[in-house]
Amino acid sequence: MPCRLDVPHNLMFGKWKYEKPDGSPVFIAFRSSTKKSVQYDDVPEYKDRLSLSENYTLSISNARISDEKRFVCMLVTEDNVFEAPTTVKVFKQPSKPEIVSKAPFLETEQLKQLGDCISKDSYPDGNITWYRNGKVLQPLEGVVVIIFKKQMDPVTQLYTMTSSLEYKATKADIQMPFTCSVTYFGPSGQKTVHSEQAIFDIYYPTEQVTIQVLPSKNAIKEGDNITLKCLGNGNPPPEEFLFYLPGQPEGIRSSNTYTLTDVRRNATGDYKCSLIDKRSMIASTAITVHYLDLSLNPSGEVTKQIGDALPVSCTISASRNATVVWMKDNIRLRSSPSFSSLHYQDAGNYVCETALQEVEGLKKRESLTLIVEGKPQIKMTKKTDPSGLSKTIICHVEGFPKPAIQWTITGSGSVINQAKESPYINGRYYSKIIISPEENVTLTCTAENQLERTVNSLNVSAISIPEHDEADEISDENREKVNDQAKLIVGIVVGLLLAALVAGVVYWLYMKKSKTASKHVNKDLGNLEENKKLEENNHKTEA
């Protein structure tokens, strides 16, 4: 504190004092102008804290609240005393405000203690303000209640400020930051210090209930396990619910999940859940348990006789449209099989398979193993070699199970080749031998299977006697080739007939057009003749 006086030339000494509240002085320092010595008065509160310079500036170290006084500088001459007062103000910045005693959560529609904002060691005292999301909270009855109080430490004379906030939360306060600040005065004016943010968990009641189905309810099939999950949108979410199953008016109390195992098609229906204490708040969902039944009639191994009729049906019963596929010996058929008269080639392993494309894993299949049996049937043919030295005798056999063929010859003649057999296909095959008979002979072909023994004979003339050959039996493969050739020939003939018809129509149109043109020409020529005759008559008349 400088002495705000001009030092006179006849100064004797200078002194400092302070004034008590009642105005009485207390001298604390003295300095002589001649001896340059400094003396400090015995004042306990200023012991070892004062320093007086040669220009009579007084310094006080380790400032205290009690130093807030009116100090006076005195310069004394022989005939006068000069005084200059200085008023000292002391400031102490408060601590950073802190929100303490925070509520673990706030509840909507309930006025609840949010917390206390505390700032300590302030001089002079300060003021505390509450904020929500950066905006000042103003007291509002029943919604915002602020109680402020301050305390002074009798020893340090410093203030502690406390502000308590009661607050009625709403769902809009979810994740909203709350802060507080302390405003105080310092040597340079008013200042503000803010606290850290505090975010509170907001509790609110459930307003809506939803129900979920696991797995996805579009893919539930018989034998699956279904888990129903009920959810409430409150905070904290409800922990228990009532689950209502189709046809059961009473709810089943459970946690937020309920599981049904190995469901059947009769489990299809509406499933609901509700709160325990608010049964009117309910959610529902429709569940379809998909099923697929397949009935193949007949099925398994079936043995029939050739020529028999065999109706086959594959009946499907499903929760929605199903695809049906027929296979024979692992080859897909274009249509379902139907047998009005069985053939050997109809035998095989048939499979009817069905599936629901939208439901993974829902497939059914049944099989039919068809066996077509028949007694041996024999047809014999003969053919003379072009060289005329041998004849080929063929025994054509059909039947199932595969008949065994045996040859016997009555008469003399050599067998040039032993019997050779063709592959057994679709219940048919043949055996042939080549002979060179010296006289008329009889060849007998015997075919036998588990059903019957069949015998057929063929008379063959001696090699020296010419005879009519019989045509060979056409095999299934050759028969198909012949049919294909016949179809080709018919197609060519039909094509030629169509071409001839088109050509005839074109020719007829051409001739018709030519006749019309000829008539017009003849008409024009007639007109010319008439005009010529008229001219001749005119000349005669003039003559």
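See above for the structure.
Rules of the game
Residues numbered from 1 in each chain as written. Predicted model: local features only at pLDDT ≥ 70, side-chain atom pairs only at ≥ 80, totals over all residues. Heavy atoms only, no water. Helix = DSSP H or I, 4+ residues; strand = E, 2+ residues; numbered from the N terminus. Buried < 20%, exposed > 50% of the residue type's maximum accessible area, 1.4 Å probe, protein only. Contact = heavy atoms within 4.5 Å. Disulfide = S-S within 2.5 Å. Pairing = 2+ DSSP bridges. Axes fitted to C-alpha atoms, helices over the stretch in contact; angles between N-to-C directions. Core = buried A, V, L, I, M, F, W, Y, C linked by side-chain atoms within 4.5 Å. Salt bridge = Lys/Arg side-chain N within 4 Å of Asp/Glu carboxyl O.

Counting its regular elements, the protein chain contains one helix and 38 strands. Taken across its 543 residues, the protein chain has 33% of its residues classed as buried. The contacts of the protein chain with a sequence gap of at least 6 include a subset with a gap of at least 24, amounting to 58%.

Counted by the stated rule, this structure contains five disulfides. What pairs with C395 in a disulfide is C445, and their sulfur atoms sit 1.9 Å apart. Because the sign of the S-S torsion sets the handedness, a value of about -80° for the bond joining C395 and C445 places this disulfide among the left-handed ones. Of the two residues, C395 sits in strand 33 (residues 391-400) while C445 sits in strand 37 (residues 441-448), which places them 50 residues apart along the sequence. As far as the burial class goes, C395 and C445 line up, both buried. Cysteine pairing for the protein chain, with bonded cysteines counted in sequence order: 1-2, 3-4, 5-6, 7-8, 9-10.

Another point: the sheet that holds strand 10 (residues 111-122). The strands that make up a sheet are held in pairs by hydrogen bonds between backbone atoms, and each pair lies either parallel or antiparallel. Strand order in the open sheet formed by four strands is 8-10-14-13, with antiparallel pairing between adjacent strands. The sheet terminates laterally at strand 8 (98-100) and strand 13 (144-152), the two strands that pair on one side only. In this sheet, neighbouring strand axes are inclined to one another by 25° on average, regardless of whether the strands run parallel or antiparallel. Where strand 8 and strand 10 come together, three bridges link them in antiparallel fashion. Residue pairing across strands places E98 opposite I118, the latter belonging to strand 10.

Looking at soluble globular proteins, one finds that nonpolar side chains tend to be buried together. With 42 residues, the main nonpolar core has W16, I28, L106, L114, W130 and Y167 as its most contacted residues. Where this core is concerned, the elements lending two or more residues are strand 1 (11-19), strand 2 (25-32), strand 4 (50-52), strand 6 (70-77), strand 10, strand 11 (127-132), strand 14 (159-168) and strand 15 (177-186). Per-element tally for this core: the top contributor is strand 14, with four residues. Counting 20 residues, the second largest nonpolar core, distinct from the first, contains C230, L260, V263 and L275.

According to the stated counting rule, one finds 20 salt bridges in the structure shown. Note that K221 and D224 form a salt bridge whose closest N and O atoms lie 3.4 Å from each other. For D224, a relative accessible area of 17% corresponds to the buried category.

All right, on to the sheet that holds strand 23 (residues 257-260) then. The three strands lie next to each other as 19-20-23, forming an open sheet whose pairing is antiparallel. Every interior strand has two partners, whereas the edge strands, strand 19 (209-214) and strand 23, have only one. For this sheet, the mean inter-axis angle between neighbouring strands, taken without regard to orientation, is 20°. As judged from the six bridges shared by strand 19 and strand 20 (residues 226-232), these two strands associate in the antiparallel manner. Directly across from Q212, in strand 20, lies its bridge partner K229.

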